[in-house]
Amino acid sequence: MSNDAKLIAAAELADHYIEIILSEEPALLVEKIADQGAKDIAKSAKALAEFRLQLAKALAEQPIPEYFEESEEEEEEESAEDGKDEHADK
């Protein structure tokens, strides 16, 4: 797996983890927006983006589960097949 592919897979995995945290315990990553002013919302967004970057970098240094490698390959194959189907309909 190339470094770029590994970083992309790590970013996808980081996004997945963040999505789970936000859906289960959002207060672990961000405060309620209703309780914040515009400056605080911007700070929270910046902190979340920095957390995502650091998490993705750390995950890129770890072995990436095969699920993400296979998922990427399957998406490429499906995209190629979708392109063929579109051309066949015309």
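See the structure above.
This is a predicted model, so every value here is computed, not measured. (Residues numbered from 1 in each chain as written. Predicted model: local features only at pLDDT ≥ 70, side-chain atom pairs only at ≥ 80, totals over all residues. Heavy atoms only, no water.)

S.K.: Describe in detail the environment of Ala14, supporting the description with residues and values.
M.R.: Mapped onto the elements, Ala14 comes out in helix H1 (residues 3-24). It is 5.5 Å that separates the C-alpha atoms of Ala14 and Ala56, two residues lying 42 residues apart in sequence. If we skip the residues at most four places from it in the chain, Ala14 touches Arg52, Leu55, Ala56 and Leu59. (Helix = DSSP H or I, 4+ residues; strand = E, 2+ residues; numbered from the N terminus. Contact = heavy atoms within 4.5 Å.)

S.K.: Account for the environment of Leu29, naming residues and giving values.
M.R.: Looking at the element boundaries, Leu29 is found in the loop between H1 and helix H2 (38-60). Between the alpha carbons of Leu29 and Ala45 there is a distance of 9.7 Å; along the sequence they are 16 residues apart.

S.K.: With reference to specific residues and values, describe H1.
M.R.: Given a rise of 1.5 Å per residue, 22 residues ought to cover 32 Å, and the 31 Å separating the end C-alpha atoms of H1 matches this to within 8%. Those residues of H1 not exposed but buried are Ala5, Ala9, Ala10, Ala11, Leu13, Ala14 and Ile18. (Expected span 1.5 Å × (residues − 1). Buried < 20%, exposed > 50% of the residue type's maximum accessible area, 1.4 Å probe, protein only.)

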